[in-house]
Amino acid sequence: MKEFDRQALIQQAFEAREKAYTPYSHFRVGAALLAKSGKVYTGCNIENAGYTPTNCAERTALFKAVSEGERKFDAIAIVGSMEGKVNQLVTGPCGVCRQALYEFGGDDLIVIMAKSADDYIERTLGELLPFGFGPANLSE
Ligand code: THU
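Residues numbered from 1 in each chain as written. Predicted model: local features only at pLDDT ≥ 70, side-chain atom pairs only at ≥ 80, totals over all residues. Heavy atoms only, no water.

Student: Would you mind going over the overall build of the protein chain with me for this structure?
Tutor: Helix and strand counts for the protein chain stand at four helices and five strands. Each helix and strand of the protein chain, ordered N terminal to C terminal, gives the series α-β-β-α-β-α-β-β-α. The C-alpha radius of gyration computed for the protein chain amounts to 14 Å, which stays within 12% of the reference 14 Å derived for 140 residues, consistent with globular compactness. Along the longest, intermediate and shortest principal axes, the C-alpha atoms of the protein chain span 45 × 35 × 30 Å. Taking all 140 residues of the protein chain together, 44% fall into the buried category. For the protein chain, restricting intrachain contacts to residue pairs at least 6 apart in sequence, the fraction spanning at least 24 positions comes to 61%. Approximately 7,600 Å² of the protein chain is accessible, and the part contributed by carbon and sulfur atoms is 54%. When the 15 positive and 18 negative side-chain charges of the protein chain are each reduced to one mean point, those points stand 3 Å apart. (Helix = DSSP H or I, 4+ residues; strand = E, 2+ residues; numbered from the N terminus. Rg over C-alpha atoms; globule rule 2.2 N^0.38 Å. Buried < 20%, exposed > 50% of the residue type's maximum accessible area, 1.4 Å probe, protein only. Contact = heavy atoms within 4.5 Å. Areas by Shrake-Rupley, 256 points an atom, 1.4 Å probe, with all protein chains shown as cover. Lys, Arg positive; Asp, Glu negative; His and termini not counted. Charge placed at Lys NZ, Arg CZ, Asp CG, Glu CD.)

Student: Quick question: what am I supposed to make of the packing of aromatic side chains here?
Tutor: Counted under the stated rule, the structure contains one aromatic pair. Here tyrosine 24 and tyrosine 51 contribute two aromatic rings whose centre-to-centre distance is 5.7 Å and whose plane-to-plane angle is 45 degrees, an arrangement assigned as tilted. Pair noted here: tyrosine 24 is in the loop between α1 (6–17) and β1 (27–35) and tyrosine 51 is in the loop between β2 (40–44) and α2 (57–67), with a separation of 27 residues, a long-range link. A residue is classified by how much of its surface remains accessible, and tyrosine 51, at 56% relative accessible area, is exposed. (Phe/Tyr/Trp six-rings, centres within 6.5 Å; stacked < 30°, edge-to-face > 60°.)

Student: Please clarify how the state of the cysteines should be interpreted in this entry.
Tutor: Disulfide: a covalent bond connecting the sulfur atoms of a pair of cysteines. The tally for this structure, following the rule as stated, stands at zero disulfides. Sulfur of cysteine 44: no disulfide; nearest cysteine sulfur belongs to cysteine 56 and is 11 Å away. Residue class for cysteine 44 comes out buried when judged on its relative accessible area of 10%. With no disulfide of its own, cysteine 94 lies 3.8 Å from the sulfur of cysteine 97, the closest cysteine sulfur. For cysteine 94, a relative accessible area of 31% puts it in the partly exposed group. (Disulfide = S-S within 2.5 Å.)

Student: Help me understand the packing of α2 against helix α3 (residues 95–105), please; the structure alone is not making it clear to me.
Tutor: Between two packed helices, the angle of one axis relative to the other and the distance separating the axes together describe the packing. Close contact between α2 and α3 brings their axes to 9 Å; oriented N to C, the two are set at 25 degrees. Taken together, the axes of α2 and α3 lie roughly parallel to each other. Where α2 crosses over α3, the handedness of that crossing is left-handed. Within the contact between the two elements, α2 uses Glu58, Arg59, Leu62 and Val66 and α3 uses Val96, Cys97, Ala100, Leu101 and Phe104. When its residues are assigned to classes, the contact of α2 with α3 shows seven nonpolar, no polar and two charged. (Axes fitted to C-alpha atoms, helices over the stretch in contact; angles between N-to-C directions. Parallel < 35°, antiparallel > 145°, perpendicular 65-115°, else oblique. Left-handed = near helix turned anticlockwise from the far one by under 90°. Nonpolar A, V, L, I, M, F, W, Y, C, P; charged D, E, K, R; others polar.)

Student: I keep staring at the site of the ligand and nothing clicks. Help me out?
Tutor: As a matter of local geometry, the ligand sits amid 13 residues, with Asn45, Glu47, Cys56, Ala57 and Glu58 nearest to it. Here glutamate 47 contributes a side-chain N or O atom positioned 2.5 Å from an oxygen atom of the ligand. Between the ligand and cysteine 94, the relevant distance is 3.4 Å, taken from an oxygen atom to a main-chain nitrogen or oxygen of the residue. In isolation the ligand offers 370 Å² of accessible surface; the protein chains occlude 78% of this area. When atom positions are compared with the pocket grids, the ligand is found to occupy the largest pocket. Among the elements of the structure, β1 and α2 are those that each provide at least two residues to the shell around the ligand. (Near = heavy atom within 4 Å. Polar contact = N/O pair within 3.5 Å; in protein donor to acceptor, adjacent residues only side chain to side chain. 1 Å grid on protein atoms, 1.4 Å probe; cavity = no way out; pocket = protein on both sides within 12 Å on 5 of 7 lines; lining within 4 Å. Sits in = over half its atoms within 2 Å of the grid points.)

Student: It is not clear to me how the side chain of asparagine 55 should be interpreted in this structure. Could you clarify?
Tutor: Along the polypeptide, asparagine 55 turns up in the loop between β2 and α2. For asparagine 55, a relative accessible area of 17% puts it in the buried group. In this structure the side chain of asparagine 55 is engaged in a polar contact, spanning 3.1 Å, whose partner is the side chain of threonine 60. Those residues in contact with asparagine 55, other than ones at most four positions away along the chain, are Cys44, Asn45, Ile46, Thr60 and Phe63.

Encoded structure:
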């Protein structure tokens, strides 16, 4: 994996969060996903009056990237907080997003959960989703 600028990726996640559509929860999330191609795909959460169609920021970024032909990723930065508040907790990806990311990122995907550009927790997806179920399981 190539080295990359974590602060720049976090900054892109903050910019993506500006577009969050959150009239129901008022919890605003941004994500920036670094593909192995070097391109970054951003996403925000998009809520829905029907609630269940709501899409998380991480999956918005992932689906944008995969729909553009990307299949392999190095890292994702995630930022979230209630509207108008400074985040006290980092925002970790929800279980559904962990699974969605696992399909393309596998155990080695770096997940950066940030409060600010220089205050973040970094883990691999393998740490966040141990024994993840992925494509390898279906090709045994
Ligand atoms: N949300 C995300 O976008 N990503 C996460 O990792 C956690 C939750 C969104 C979904 C919903 O719009 C709001 O945050 C509250 O759950």
